[in-house]
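Remarks on the overall topology
What follows is each chain in one-letter form.
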Amino acid sequence: PEDVCKKLKNVSTIDISQNKLESLENFQYMRRLKRLLAKNNFVRELTHIEGIQNIFELDLEGNAVDSHKDFLKFIKNKNDLIVVNLAQNPLLVDV
């Protein structure tokens, strides 16, 4: 919920793996997040976390991310992002 994420605005690492989450909505309030571990959920979009600039690890293994365009938009200007795991996602690339 929004109020919880707003209270956790100074958290730098969070592991929300295996929680059947469909969205990262409200995580945009966690602006100091450095590590987001969200394995084995049902997340499809990264739009809610685009504003988190200093993230260096994003683990979305086993989710439902399916748009390479959304991913490329997410990583734009993320100079600190060094670890990305999108294994076992139905990522589609337009040819």
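Below: a short report on this structure.

Our next topic: the overall build of the chain. Helices and strands together make up the secondary structure of the chain, namely 2 helices and 4 strands. Tracing the chain from N to C terminus, the helices and strands come up as α-β-β-β-α-β. In terms of C-alpha radius of gyration, the chain reaches 12 Å, essentially the compact-globule figure of 12 Å for 95 residues. For the chain, the spread of C-alpha atoms along the principal axes amounts to about 40 × 30 × 20 Å. Per-residue burial for the chain yields a buried fraction of 36% across its 95 residues.

So, about the packing of aromatic side chains. To describe a pair of aromatic rings, one takes the distance between the centres and the angle between the planes. According to the stated counting rule, one finds 0 aromatic pairs in the structure shown. The ring of Tyr-29 carries Lys-6 above its face, with NZ or CZ at 4.9 Å from the centroid. When the ring centre of Phe-74 is taken as origin, the NZ or CZ atom of Lys-78, which lies over that ring, is 4.7 Å away.

In this section: the sheet that holds strand E2 (residues 35-37). Paired through their backbone hydrogen bonds, the strands of a sheet run either parallel or antiparallel. Across the sheet, which stays open at both edges, the 4 strands sit in the order E1-E2-E3-E4 with parallel pairing between neighbours. The open sheet has two edge strands with one neighbour each: strand E1 (13-15) and strand E4 (83-85). Pairs of neighbouring strands in the sheet enclose a mean axial angle of 5°, with direction left out of account. In this sheet, strand E3 (residues 57-59) lies alongside E2 in parallel orientation, the contact comprising 3 bridges. Paired with Arg-35 across the strands is Glu-57, a residue of E3.

Moving on to the environment of Ile-75. Counting through the fold element by element, Ile-75 comes out in helix H2 (residues 68-75). A residue is classified by how much of its surface remains accessible, and Ile-75, at 29% relative accessible area, is partly exposed. When the C-alpha positions of Ile-75 and Thr-47 are compared, they lie 11 Å apart, and in sequence the two are 28 residues distant.

Of note in this structure, Gln-18 is not a glycine but carries a positive phi near 55°. In this structure, Gln-18 sits in the loop between E1 and E2. By relative accessible area, which is 60% here, Gln-18 ends up exposed. Positive phi, close to 60°, is recorded for Gln-88, a residue that is not glycine. Structurally, Gln-88 can be placed in the segment after E4. For Gln-88, a relative accessible area of 60% corresponds to the exposed category.

The rules behind each value
- Residues numbered from 1 in each chain as written.
- Predicted model: local features only at pLDDT ≥ 70, side-chain atom pairs only at ≥ 80, totals over all residues.
- Heavy atoms only, no water.
- Helix = DSSP H or I, 4+ residues; strand = E, 2+ residues; numbered from the N terminus.
- Rg over C-alpha atoms; globule rule 2.2 N^0.38 Å.
- Buried < 20%, exposed > 50% of the residue type's maximum accessible area, 1.4 Å probe, protein only.
- Phe/Tyr/Trp six-rings, centres within 6.5 Å; stacked < 30°, edge-to-face > 60°.
- Lys NZ or Arg CZ within 6 Å of the ring centre and 35° of its normal.
- Pairing = 2+ DSSP bridges.
- Axes fitted to C-alpha atoms, helices over the stretch in contact; angles between N-to-C directions.

Everything listed here is a matter of coordinates, which is why it stays silent on function.
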